Amino acid sequence: MTSHTKLSGGSHPPRARLDRIFHSLEGALGTGMVLSAKEVLETYAEDDSGFGAFQPDFVIRARNTQDVSIILKEASREGVPVVPRGGGTGRVGGALAVYGGIVLSLEKMNRITAIENENFLARVEPGMILEKFHQSIEEAGLFYPPDPSSLDSCSVGGNVACNAGGPRALKYGVTSNYVLGAEFVLPDGTILKTGRSTVKGGAGYELHKLIVGSEGTLGVITGITFKLVAKPSHIETALITFPTARAALQSSQDIMKSGILPRSLEFMDALSLAAARTKVPRQLPETAGGCLLVELDGSSADTLLEEMGRVAEICDKHGSGEALVAQDEAQRRDLWTVRREVAPALREMHPCRVSEDIVVPRAALAGIVDELQTTATKHGIKIAAFGHSGDGNIHVTVLYDEPTREAADAACTDTLRLAVKHGGTVAGEHGTGIQKVGALALEQSAELLEFQRGLKKYFDPAGIMNPGKVVAI
Ligand SMILES: Cc1cc2nc3c(=O)[nH]c(=O)nc-3n(C[C@H](O)[C@H](O)[C@H](O)COP(=O)(O)OP(=O)(O)OC[C@H]3O[C@@H](n4cnc5c(N)ncnc54)[C@H](O)[C@@H]3O)c2cc1C
């Protein structure tokens, strides 16, 4: 946590209220539905933010929308916090029960209810794991592009709640671009079906768009209608090393300027590569100061080969070194392992770390990554930078040890200020959670923050939905 991680807008409910809600929910949902065994509570106490354990008082694994409605209605009546939870892979503490109460897990609501090939859409429950969703959609001959690197364990509901991105967002956009409609349960238990099943529509407000990215603070997503696209028939992937991070990022920018639109354009600096090296069998050159993973897709193999040739020429101009080009699907996966293992490897190697997730205008990126190293030197800590260079979204991981904790905190503040100074944002694709609540003021006006607080109160007058997250009440 950093000094921008502010806990406000909630409190632990008193024991008497918890006892009452336990009995009323057991009565309404059935005996054994409201879990309170220590081992269960411990399992749901943490997420992937690394912010520590916050034990809820109860865990309920909803079976259907009706369960969710009953739970929220009762929780609103008793004033007991409810924390929706998908895969628990969130990086900003969104699924932590910081004020106790009920963790409402959607993991059992995990079915695809329809795939309509002719209409290019799928209807799915929120607890479905993204990778399984990808597989089912691709088996049906279609394609769902959003691909956060946590895809083997995050849920589609969590993706909608956080407006998840991922490497393919560069060409295809983020989760919000694929949500046509959503079933949503308000804190008072009302079930709303928002949005539509058509590609276009203008009936009323676009409420389903407001729900995307609301991080469980306005209600619970219980069903999603996703837009799908045609599956690209050809993919070309290359991992290209550079002597410096700047050379890699200048190449990234020049690729974008060339008119080629890769589906992914990923960057790793020297520290990120060093971390990845501990996890992957492939030999990555020790001397590389930066690296790009470039992936193109489309319907013509010849076009992709020609474009990859142009990418190589651009990189060559910036002094690129070794380039590994995947010859088959297994090699492609192998190259992606390098990128996907960066975050887990950094986590294992550096127990003390804070991850910031900033987005900056593309043209500023190379300069900002240089400035980050100046920040690291100034504070006597290390900073690893990696992420989606094509869309200016960089994950900045501040690595420290106990004696330099305060310096790391100051480095995080400098990082966020740097992003805002260059016209960027403090929160890219991971959301706000508890981590960025204080940081919003660096970017948004007092009026805008106040308006968002009012919106939250309108949706959730009892303040039960994921208190302490996104907006400070
Ligand atoms: C190794 C790793 C790599 C990652 N890479 C990426 C990446 O490339 N791109 C990216 O965008 N993110 C990435 N993430 C972050 C994370 O995986 C995403 O934010 C993901 O969308 C969270 O989904 P989840 O199911 O795990 O949600 P959870 O962690 O369970 O919850 C996240 C938030 O959503 C809310 N929520 C969950 N389900 C619902 C629901 N049904 N209704 C209402 N609210 C709900 C929770 O209350 C919480 O606020 C990464 C995380 C890890 C650990």
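Everything numeric in this text was worked out from a predicted model, so none of it was measured.

Enquirer: Could you give me a rundown of unusual backbone geometry, with the residues and numbers involved?
Expert: Despite not being glycine, Glu215 shows a phi value in the positive range, around 55°. Unlike most non-glycine residues, Val470 shows phi in positive territory, near 65°. Within the element layout of this structure, Val470 appears in the segment after helix H16 (446-459). Classification of Val470 as buried rests on a relative accessible area of 15%.

Enquirer: Any details on the sheet that holds strand S3 (residues 82-85)? Residues and values, ideally.
Expert: With mixed pairing, four strands are arranged side by side in an open sheet as S1-S2-S4-S3. At either end of the open sheet lies a strand with only one pairing partner, and these are strand S1 (34-35) and S3. In this structure, strand S2 (residues 58-61) lies alongside strand S4 (residues 102-105), joined through four bridges in parallel fashion. Bridge assignment links Phe58 to a residue of S4, and that residue is Ile102. Taken strand by strand, helix H1 (residues 15-29) contacts S1, S2 and S4, and its axis lies near 20° from that of S2. Here helix H3 (residues 65-78) sits on the sheet and contacts S2, S3 and S4; the angle it forms with S4, its principal contact strand, is near 165°.

Enquirer: Any chance you could break down the environment of Lys200 for me, citing the residues and the numbers?
Expert: Along the chain, Lys200 turns up in the loop between strand S9 (191-195) and helix H7 (207-211). It is 47 Å that separates the C-alpha atoms of Lys200 and Thr374, two residues lying 174 residues apart in sequence.

Enquirer: Can you lay out the site of the ligand for me, pointing to particular residues and giving the numbers?
Expert: In the neighbourhood of the ligand, 35 residues make up the surrounding shell, with Pro84, Gly87, Thr89, Ser150 and Ser155 lying closest. Interatomic distance of 3.4 Å between a backbone N/O atom of Gly216 and a nitrogen atom of the ligand. For the ligand, whose unbound accessible area comes to 980 Å², protein coverage reaches 97%. Listing elements by their share of the shell around the ligand, those giving two or more residues are S3, helix H5 (156-162) and strand S10 (220-227). It is H5 that contributes the most residues to the shell around the ligand, five residues altogether. Residue composition of the shell around the ligand, by class: eleven nonpolar, 19 polar and five charged. Counting residues domain by domain, the shell around the ligand receives three or more from each of domain 1 (112-230) and domain 3 (350-430).

Enquirer: I'd like a description of the packing of aromatic side chains, backed by residues and values.
Expert: The tally for this structure, following the rule as stated, stands at seven aromatic pairs. A centroid spacing of 6.4 Å and a plane angle of 85° characterise the contact between Tyr458 and Phe459, whose relative ring orientation is edge-to-face. Its relative accessible area of 69% is what places Tyr458 among the exposed residues. The positively charged end of Lys227 is found above the aromatic ring belonging to Tyr178, 5.3 Å away from the centroid.

Enquirer: Give me the lowdown on the side chain of Ser320, citing residues and values where you can.
Expert: With respect to the helices and strands, the residue Ser320 is situated in the loop between helix H10 (301-317) and strand S15 (323-325). Its relative accessible area of 18% is what places Ser320 among the buried residues. Among residues more than four places away in sequence, those in contact with Ser320 are Ile240, Thr241, Phe242 and Cys315.

Enquirer: For the pattern of salt bridges, give the residues involved together with the corresponding values.
Expert: Overall, the coordinates contain 32 salt bridges when judged by the stated rule. We note a salt bridge from Glu348 to Lys279, for which the minimum N-O separation is 2.8 Å. Of this pair, Glu348 sits in helix H12 (residues 342-349) while Lys279 sits in the loop between helix H9 (270-277) and strand S14 (290-298), and the two are 69 residues apart along the sequence. With a shortest N-O distance of 2.7 Å, Arg405 and Glu402 are connected by a salt bridge. Residue classification places Arg405 among the partly exposed residues on the basis of a relative accessible area of 40%. One network of salt bridges, in which partners are shared, links Lys171, Arg263, Glu295, Asp297, Glu329, Arg332 and Arg333.

Enquirer: Talk me through the sheet that holds S14; I want residue IDs and the actual numbers.
Expert: Strand order in the open sheet formed by seven strands is S15-S12-S14-S13-S17-S18-S16, and the pairing between neighbours is antiparallel. Edge positions in the sheet fall to S15 and strand S16 (353-359), since each of these pairs with one other strand and no more. On average, adjacent strands in this sheet sit at an angle of 15° to one another, irrespective of strand direction. By the bridge criterion, two bridges tie strand S13 (residues 264-269) to strand S17 (residues 382-388) in an arrangement that is antiparallel. Pairing of Phe267 across the sheet is with Gly387, part of S17.

What counts, and at which threshold
- Residues numbered from 1 in each chain as written.
- Predicted model: local features only at pLDDT ≥ 70, side-chain atom pairs only at ≥ 80, totals over all residues.
- Heavy atoms only, no water.
- Helix = DSSP H or I, 4+ residues; strand = E, 2+ residues; numbered from the N terminus.
- Buried < 20%, exposed > 50% of the residue type's maximum accessible area, 1.4 Å probe, protein only.
- Pairing = 2+ DSSP bridges.
- Contact = heavy atoms within 4.5 Å.
- Axes fitted to C-alpha atoms, helices over the stretch in contact; angles between N-to-C directions.
- Near = heavy atom within 4 Å.
- Polar contact = N/O pair within 3.5 Å; in protein donor to acceptor, adjacent residues only side chain to side chain.
- Areas by Shrake-Rupley, 256 points an atom, 1.4 Å probe, with all protein chains shown as cover.
- Nonpolar A, V, L, I, M, F, W, Y, C, P; charged D, E, K, R; others polar.
- Domains from an automatic or database assignment.
- Phe/Tyr/Trp six-rings, centres within 6.5 Å; stacked < 30°, edge-to-face > 60°.
- Lys NZ or Arg CZ within 6 Å of the ring centre and 35° of its normal.
- Salt bridge = Lys/Arg side-chain N within 4 Å of Asp/Glu carboxyl O.

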